[in-house]
Number of protein chains: 4
Amino acid sequence: MVIVIRPDATGEQIDFITEKLKSYGYKLNVSKGVERTIIGAIGDENALRDRPVKTLPGVEDVIPILKPYKLVSRDFRKEDTVIDVKGVKIGGKELSVMAGPCSIESYEMIHEAARRASAHGAKVLRGGAFKPRTSPYSFQGMGPEALIYLRKAADEFGMVVVTELTDPRDIDIVSEYADILQIGARNMQNFRLLHEVGRQEKPVLLKRGMSATVKDFLLAAEHIANEGNLNIILCERGIRTFETETRNTLDLSCIPIIKSVSHLPIIADPSHGTGKKVCIGPMSLAAVAAGADGLMIEVHPCPEEALSDGDQSLTPDEYDEVMNRVEVIAGAVGRTVAK
Amino acid sequence: MVIVIRPDATGEQIDFITEKLKSYGYKLNVSKGVERTIIGAIGDENALRDRPVKTLPGVEDVIPILKPYKLVSRDFRKEDTVIDVKGVKIGGKELSVMAGPCSIESYEMIHEAARRASAHGAKVLRGGAFKPRTSPYSFQGMGPEALIYLRKAADEFGMVVVTELTDPRDIDIVSEYADILQIGARNMQNFRLLHEVGRQEKPVLLKRGMSATVKDFLLAAEHIANEGNLNIILCERGIRTFETETRNTLDLSCIPIIKSVSHLPIIADPSHGTGKKVCIGPMSLAAVAAGADGLMIEVHPCPEEALSDGDQSLTPDEYDEVMNRVEVIAGAVGRTVAK
Amino acid sequence: MVIVIRPDATGEQIDFITEKLKSYGYKLNVSKGVERTIIGAIGDENALRDRPVKTLPGVEDVIPILKPYKLVSRDFRKEDTVIDVKGVKIGGKELSVMAGPCSIESYEMIHEAARRASAHGAKVLRGGAFKPRTSPYSFQGMGPEALIYLRKAADEFGMVVVTELTDPRDIDIVSEYADILQIGARNMQNFRLLHEVGRQEKPVLLKRGMSATVKDFLLAAEHIANEGNLNIILCERGIRTFETETRNTLDLSCIPIIKSVSHLPIIADPSHGTGKKVCIGPMSLAAVAAGADGLMIEVHPCPEEALSDGDQSLTPDEYDEVMNRVEVIAGAVGRTVAK
Amino acid sequence: MVIVIRPDATGEQIDFITEKLKSYGYKLNVSKGVERTIIGAIGDENALRDRPVKTLPGVEDVIPILKPYKLVSRDFRKEDTVIDVKGVKIGGKELSVMAGPCSIESYEMIHEAARRASAHGAKVLRGGAFKPRTSPYSFQGMGPEALIYLRKAADEFGMVVVTELTDPRDIDIVSEYADILQIGARNMQNFRLLHEVGRQEKPVLLKRGMSATVKDFLLAAEHIANEGNLNIILCERGIRTFETETRNTLDLSCIPIIKSVSHLPIIADPSHGTGKKVCIGPMSLAAVAAGADGLMIEVHPCPEEALSDGDQSLTPDEYDEVMNRVEVIAGAVGRTVAK
């Protein structure tokens, strides 16, 4: 931590600041510049982060030096984390494709989605049972019944299941059917929920919040890791910006940034990340080219009848066509797609 | 709902679109312009909102006409909602000042905060027992013990209590001690939590999410209202923008906007909304001038020792000084501050 | 400047970094922490700011300590700058109200706007002759003829004139008629234009760019100051955020922030800053309460006939009503409004 | 244009609105819904766009139906525009790679940059002579001398030249040396400059402004086109968001969006768009995968000595490595890179 002293600070104020920092257990390194004096505080930075040092009279600014996350950082683990979900590897050479409808509406539709998705590169079946919806008048999901359908369809095609958990009280029922627990963007800073999934053993798919910086995103993962679960899959799904042509702005730059500071796998969700059909194909290719470890894509057997997100879902045929192109890009960047 | 037809749509496509809309139960009004044909669909717009009309071949755009919220809108209730919390009126002529520390750290400190806050205009005591913190290494709150302290301190000075609920499993314990249940910014779209507070009777203080538009904010309130509880106090607490000098950007313009479309009271939180001590006073005055029904201000007897948000807390003396100026502004806009 | 060294940097890399910094003329202060070594570089920080120190092998991060602006900062001048425009003081106790239409459409309308504005607190007449418009199909302003009308109307009512300069080639003609040269938001980083107005003597009204941080804004002012002209009036007019209910988000927090680091006067423009009539009154009051030195308000004798921005213009009667309330707030914060 | 009528509008108000709209020359289509009456105004929408219809008593909202741009839209020209610059095609099957240093610092460096760039896929040499810099204390470019160097280096390697124009007064000197005139992000709404480049014949490279929506971006292009020059190359170079890990957020989704509504070619600039070396390679690949017609990449023979943007420049060797991977991706999406 570096403390910048105001140019008009008195000697007494500086003495008080240094005594205070020493009393917290820090060693100090004082550097007098032409325009400002700065103090380097050497010791556990996270402990100091919460101290209201900025309020001390004579302090102009307090600048952290270290990254605030540890367990999810490359400092903690150098090599890439590869997560094994019943034999399906996430974070390795093979791209992880997670496909399926936004919400499960019947057994027939999830079965058909699983059939088509598994036939073309997807080993993870996605589908919502509990849907967080902006409006209370929108379809909120079928609930537990949908979980049974989802599991059944996945099993039939040898897929693993990812589905969203929205309430700590649902963890047992959701865990009974799911292989990967998804934390949605709106719950990225629902810390109580993060702690729950951190205390159990199933892998967690953590979606980036709409207003989360990369730092916030990794700190949310750290909340999970700190409870004991390091099997975390990050998912970029768009951030909120002033642009309104797309529902969100898919921030693909975060992929190389996160790869450089964290060992966790990261996938991209171009369906939610753009909300526009015309973008899903191109942004799927772009995500893989940028280094994503996988894709989450909404596929609906009949988007015209979908009860949620139909506008951004691909038909199985459109999905096939996107996956054909994804395979070529995967090859170009040294990745593979499951056969 | 207005459906814009692509200029290259075929007659068959247009027929299919109109048949589809009629099958949903809408009456149609077709208007052929020079460059585009548009179809007005007359009927329940919310039902149509979820239909993936945009995916129909030949459709260029779908434009909603009505506001998506109902119960919280002025269409539903013309006059301002005034909420009565044990005799304390929120939304009336008297400004509602909610003051206290970010988190409760001991009985002594909350007692002292209550003493000083109640002496100067605050009838609502705030304080966190369960703290959602970006980093898992920050102080997460004292938990249930803090609630006892908070209640005791409030009672001693005749104040009512507002505190944050972060988990549906805590609703009984929090309700036992609190008069107003706060939903924090990070949980604004934790719909399961919204439904819980919507099903009970205590008033709810709903903070605006960092990436929530005014529409999202009112829809979150609608989630609560739709479960039966219309005693909702909105709270503007800053949105996330590119500006980094302040922790968030306090969007005071949302106050007149919301007042024009909703009957709910709205207060402002300049402490979290700016995160900078130098802004708290000026932005408190500005919020009242803009029409806010109250203020939420962090007051800590000894900010230098605070375990959270010390940098943005006022000392009781600083609070007094801000409140002296708030009183003058309140008078200037026809409001009062409690004696 | 603080240079953070990567934990895996070799001794040779560190030597190279320190030699490089010394060769630039900096004295160094090396501080070895538990997890990172940091180097404080003492000397002219602005010179170092442009050096690509981050590219040196072994460097993790480079953190500036000083503010990048000088002449516009409080370090350079402690007391508030008060600008005298033909006897009209900007930045003093009296609020500077600048009122008039978005664009000048005829002599009659600017005469009527001047008559009504001058009758109620405004000593500065605003009006556009050259209009930067998002669409090429919108009215682009009357050009030079409008300047003659503007000057004549201002003179008749003893007002001074502010109008926008959009092209360095217009500086002579605009200077002939205007007392204050306005640089619009879209040109805030048109540095060639900034340099031109920096080399002449008339005061400059500099509007904040839609994507400008406070730092960018003050650096734009520094571009003007560095050419010799310190008579700069800053104007907050809204930044671009995800919120779409208002045209921009008026960032009033920037007023106390800027007041704390700069000596320049700052006013607010709630007309462009919100683009919504319902917000103009409340945000005018809020700006004054937050410490603004003045207001820029669009007044049009007949908004229904306006050729630009009619939706956000006040009628003279509405303007009177807003000014009545501004006067009360001004009094409450120790300011005055001209009689 | 659709006009939404307030539910409490009187018959007289509605009559006034309809008379007004008819007086502007519009045909009307009135549609009475359950909750709102809406009026479709049939006629030239751009003419109505500037009319302050929202101010008419009884009007709740005014919703435009048509896109505000014409000449740059696919409605105007169905097929992709391919621009021929002295035989170099931009917008065709072959990717347009524009490489070179941020600013030209000497003949030797631009010569070396041209040698290496032309050897690996770049047919366009970029380099700044007049640099718009956020701080007045940063290097502002060498000026006219740099143009001579740039031209000479390009000619030696058979490249064409793109360089930025920042002032209408420089158009003759810049045109003398450049083949493509670049309008920088900060000048995207410097309409006077846009009109100048619209009135001459050389192709224009228009960079997206940091706070420009896709609509604003295309309207800026329309300003150029409306003056007669349709040879416009769009360039996505990052927008301003809350994320601070990257200098800007490169919005690749805008590529498929723009391709779907406009016939103009669009390239991406991952150097300015991310400002981080670790992102340049991955985002170059991603841009090509997303459908970009080319790339603008900063290459500096010795980034450690660069006077501007050294932190985000590639060395020639790094550039070679990125281009090797770009070639593979190009092949995967059916594009080619020049040999």
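Residues numbered from 1 in each chain as written. Chains lettered and ligands numbered in written order. Predicted model: local features only at pLDDT ≥ 70, side-chain atom pairs only at ≥ 80, totals over all residues. Heavy atoms only, no water.

A. Quick look at the interface of chain B and chain A. Contact with chain B, which involves 54 residues of that partner, is made by 54 residues of chain A. Both sides together, the interface formed by chain B and chain A hides about 4600 Å², and carbon and sulfur atoms give 46% of it. Sorting the residues of chain B by area buried against chain A places Y137(B), R192(B) and E304(B) first, and these three jointly supply 16% of that buried surface. Summed over the shared surface of chain B and chain A, the number is eight salt bridges. A salt bridge links D167(A) to R192(B); the nearest nitrogen and oxygen atoms lie 3.6 Å apart. For the pair chain B and chain A, the interface holds 18 residue pairs in polar contact (both at pLDDT 80 or more). Of all elements in the fold, only α1 (11-23), α6 (191-198) and α7 (214-225) of chain B reach the threshold of two or more residues within the side of chain B that touches chain A. Considering only residue class, the side of chain B that touches chain A consists of 21 nonpolar, 16 polar and 17 charged. (Contact = heavy atoms within 4.5 Å. Buried area = accessible area lost by both parts, 1.4 Å probe. Salt bridge = Lys/Arg side-chain N within 4 Å of Asp/Glu carboxyl O. Polar contact = N/O pair within 3.5 Å; in protein donor to acceptor, adjacent residues only side chain to side chain. Helix = DSSP H or I, 4+ residues; strand = E, 2+ residues; numbered from the N terminus. Nonpolar A, V, L, I, M, F, W, Y, C, P; charged D, E, K, R; others polar.)

B. Main features of the interface of chain B and chain C. Taken residue by residue, the interface counts 36 residues in chain B and 36 residues in chain C. Between chain B and chain C, roughly 2700 Å² of surface is buried when both sides are summed, and carbon and sulfur atoms account for 75% of that area. In this assembly, chain B and chain C are joined by two salt bridges. Salt-bridge contacts for R208(C) lead to E243(B); the nearest nitrogen and oxygen are separated by 2.8 Å. At the surface where chain B touches chain C, the tally comes to four residue pairs in polar contact (both at pLDDT 80 or more). Secondary structure elements with two or more residues in the side of chain B that touches chain C: α7, α8 (254-261), α10 (277-290) and α11 (316-332) of chain B. Looking at the side of chain B that touches chain C, the element that brings in the most residues is α10(B), giving eight residues. Looking at side-chain class alone, the side of chain B that touches chain C contains 21 nonpolar, eight polar and seven charged residues.

C. Representation of the relation of the copies chain B and chain C. Taken as rigid bodies, chain B and chain C are interconverted by a rotation of 180° and an axial shift of 0.0 Å, the fit giving an RMSD of 0.0 Å. Such a turn and shift between the copies fits a two-fold axis. Relative to the rotation axis, the closest C-alpha in chain B is found at A286(B), a distance of 2.0 Å. Both copies share a contact surface, since 100% of the interface residues of chain B are interface residues in chain C too. (Least-squares fit on C-alpha atoms with pLDDT ≥ 70 in both.)

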